[in-house]
Amino acid sequence: MRRVVLVGFMAAGKSTIGARLARRLGWDFLDMDRRIEERLGLSVAEAFARLGEPAFRAEEEAVARELQGREALVVAAGGGAFAEQRTRALLRTDALCVWLRVPLAVVEARIGAGSDRPLAANRARIPALFALRATSYALADAVVDVGAGAPDEEAQRVFEVVLACRSDRRR
Ligand code: S3P
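Notes on the structure in this doc start here. (Residues numbered from 1 in each chain as written. Predicted model: local features only at pLDDT ≥ 70, side-chain atom pairs only at ≥ 80, totals over all residues. Heavy atoms only, no water.)

## Considerations on the site of the ligand
For the record, the criterion: Proximity is defined per residue: any heavy atom of the residue falling within 4 Å of a molecule or strand makes that residue near it. A 3.5 Å cut-off defines polar contacts: any pair of N or O atoms within that distance qualifies, except that in protein one atom must be a possible hydrogen donor and the other a possible acceptor, and neighbouring residues in sequence count only when both atoms are side-chain atoms. To be clear on the numbers: accessible area is Shrake-Rupley with a 1.4 Å probe, and residue cover counts the displayed protein chains and nothing else. When residues are sorted by character, Ala, Val, Leu, Ile, Met, Phe, Trp, Tyr, Cys and Pro go into the nonpolar class, Asp, Glu, Lys and Arg into the charged class, and all the rest, Gly among them, into the polar class.
Of all residues adjacent to the ligand, which total 14 residues, the nearest are K14, D33, R57, R117 and R133. Within the side chain of D33, an N or O atom sits 2.7 Å from an oxygen atom of the ligand. Note that an oxygen atom of the ligand is positioned 2.6 Å from one of the side-chain N or O atoms of R117. When the ligand sits alone it has 390 Å² of accessible area, and the protein chains cover 95% of it. Of the residues in the shell around the ligand, the class split is six nonpolar, three polar and five charged.

## Considerations on the packing of helix α4 (residues 53–66) against helix α5 (residues 85–92)
Counted only if it meets this: The axes are straight lines fitted to the C-alpha atoms, using for helices just the contacting stretch, and the angles between their N-to-C directions are given from 0 to 180°. Going along the chain from the N terminus, every DSSP run of H or I of four or more residues is numbered as a helix, and every run of E of two or more is numbered as a strand. With respect to orientation, any angle under 35 degrees is reported as roughly parallel, any angle over 145 as roughly antiparallel, any angle of 65 to 115 as roughly perpendicular, and every other angle as oblique. For any helix crossing, the convention is left-handed if the near helix is rotated counterclockwise from the far helix by under a right angle, and right-handed if that rotation is clockwise. We call two residues in contact when some of their heavy atoms are within 4.5 Å.
Contact geometry of α4 with α5 gives a least axis separation of 9 Å together with a crossing angle of 20°. Regarding the angle of α4 to α5, the classification is roughly parallel. For the element pair α4 and α5, the recorded crossing hand is left-handed. The segment α4 lies against α5, with R57, E60, E61, A64 and R65 engaging R86, T87, L90 and L91.

## Details of α5
Put simply, the rule reads: For every residue, the accessible area obtained with a 1.4 Å probe (protein chains only) is divided by the maximum for its type, and the residue is called buried under 20%, exposed over 50%, and partly exposed between those limits. Read the arc as the range of directions from the helix axis to the C-beta atoms.
Residues of α5 that are buried: T87, R88, L90 and L91. Down the axis of α5, the buried side of the element spans an arc of 160°, and every buried residue falls inside it. Facing away from the buried side of α5, by more than 90 degrees, are the exposed residues Q85 and R86. For α5, the secondary structure elements touched by its buried residues are β1 (3–7), α2 (32–40), α4, β4 (95–101) and α7 (126–137). Two residues or fewer past α5, D94 is found with a positive phi of approximately 60°.

Here's what the structure looks like:
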């Protein structure tokens, strides 16, 4: 296991927990959305507006490919990355993928009216997207329920799952 990839719906806490998990493991941390912004010189919202969603998904795939050589890395995937078959295959290679499963009510509370997430702009679409995405996230190697605890407590639980999976894979 060279990498840990955190997947899950928007606002699950992938970036917040991922950074804390990386510190616990003594690994580097990479946020896919931030990497795409760096590559494009655009915010995620600008990328969706100016280039369109297919171009954004192509960037996600390119970033997932970039990661292939990296070791000791925690990755916070964008909420849609694991729903794309090719990107998912890249993210799963040599990695432990952990689904941070958050209740829909927590997502809706966290995504306020002024969200800068393009796919959350139409709040009425969130429940259907949430249900659809769950079928992809379920392909992860492990699940950790989040949304109710403090970030450090949730990161600690993910850390424990990672350690347990690591020793299982060594056996
Ligand atoms: C998306 C989730 C966002 C970002 C983009 C698309 C999605 O990431 O990649 O707005 O398709 O669910 P977060 O999950 O970090 O919000």
